[in-house]
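Survey of secondary and tertiary structure
If you want the building blocks of each chain, they are given just below.
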Amino acid sequence: MLFKQIKAVGDNFTYVIADTSAREAAVVDPSFNIKPIIKILEENRLRLKYIICTHHHFDHTAEVDFLKTRFGAKIVAHKVSDIDKDIGVEDGSIVEVGSIKINVIHTPGHTEDSICLLFDNKLLTGDTLFVGGCGRTDLPGGNAEKLYQSLYNKILKLDDSIEIYPGHDYGSSPSSTIGLEKSFNPALKQKGMDDFLTFINAP
Ligand SMILES: [Zn+2]
């Protein structure tokens, strides 16, 4: 398996996931950084099968159309997303790239169409969970109660050993683990919904 985290202009992260034996790849959240993505695909002679969007915000989708046109890949996003997608997924969907099975977890809150992607003990968290923080909920479609449910009832139920890879480089390191975030991330240390709402609504 090939797994690459690529930092874009600004602090967005894009990810390339590939089964190098099957020569199939998926790109997650292609942002303002098309050249390194193309280089990885071409150097490894990978066929881009899917472009997966963790949510619809422009800084995560800026290069989606370019990649689709150039490589003929299919766009994958949550079924409620207003992204012009080929495949609409939902909680529990599995996206297959060669022998890699990418499990979709619906995690609304930052946006209604937010998804996290779980495969190979790695969780791509988009703008749902960052290293040391979580996504904002004050943009259109944001919902702090839903983010609480997504974080505490879905992500925190996963194994502590799972590595997390966020959509932005906002933290002290570019990746972390569920266990470390449980210990240090204030967004995951609130005692119930009320405390979380106070935390997230704090100026
Ligand atoms: Zn966002």
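Residues numbered from 1 in each chain as written. Predicted model: local features only at pLDDT ≥ 70, side-chain atom pairs only at ≥ 80, totals over all residues. Heavy atoms only, no water.

1. Let's talk about helix 1 (residues 34–43)
For helix 1, the complete set of buried residues consists of Ile34, Ile37, Ile38, Ile40 and Leu41. Seen from one end, helix 1 has its buried residues packed into an arc of 160 degrees, which puts them on one side. The outward face of helix 1, more than 90 degrees from its buried face, is lined by the exposed residues Lys35, Lys39 and Glu43. Those residues of helix 1 hidden inside the fold are in contact with strand 1 (2–7), strand 2 (13–19), strand 3 (24–28), strand 4 (47–52) and helix 3 (64–71). Directly beyond the C-terminal end of helix 1, a positive phi value near 50 degrees is found at Arg45. (Buried < 20%, exposed > 50% of the residue type's maximum accessible area, 1.4 Å probe, protein only. Helix = DSSP H or I, 4+ residues; strand = E, 2+ residues; numbered from the N terminus. Arc of directions from axis to C-beta. Contact = heavy atoms within 4.5 Å.)

2. Concerning the pattern of salt bridges
Between side chains of opposite charge, a pair can form as their charged atoms come close. The full count for this structure, using the stated rule, is 14 salt bridges. With a closest N to O distance of 3.5 Å, Glu24 and Lys49 form a salt bridge. One end of the pair, Glu24, is in strand 3; the other, Lys49, is in strand 4, with 25 residues separating them in the sequence. Residue Glu24 is classed as buried on the basis of its relative accessible area, which comes to 14%. Put simply, Glu42 and Arg70 hold a salt bridge, and the shortest N to O gap is 2.8 Å. Here Glu42, found in helix 1, pairs with Arg70, found in helix 3; they are 28 residues apart in sequence, far enough to count as distant. Judged by its relative accessible area of 45%, Glu42 is partly exposed. One salt-bridge network, in which partners are shared between bridges, spans Glu24, Arg47 and Lys49. (Salt bridge = Lys/Arg side-chain N within 4 Å of Asp/Glu carboxyl O.)

3. Things to note about the packing of helix 1 against helix 3
Close contact between helix 1 and helix 3 brings their axes to 12 Å; oriented N to C, the two are set at 30 degrees. Taken together, the axes of helix 1 and helix 3 lie roughly parallel to each other. In terms of crossing hand, the pair formed by helix 1 and helix 3 is right-handed. Between helix 1 and helix 3, the residues in contact are Ile34, Ile37, Ile38, Leu41 and Glu42 and Phe66, Leu67, Arg70 and Phe71, respectively. The residue makeup of the contact of helix 1 with helix 3, split by class, is seven nonpolar, no polar and two charged. (Axes fitted to C-alpha atoms, helices over the stretch in contact; angles between N-to-C directions. Parallel < 35°, antiparallel > 145°, perpendicular 65-115°, else oblique. Left-handed = near helix turned anticlockwise from the far one by under 90°. Nonpolar A, V, L, I, M, F, W, Y, C, P; charged D, E, K, R; others polar.)

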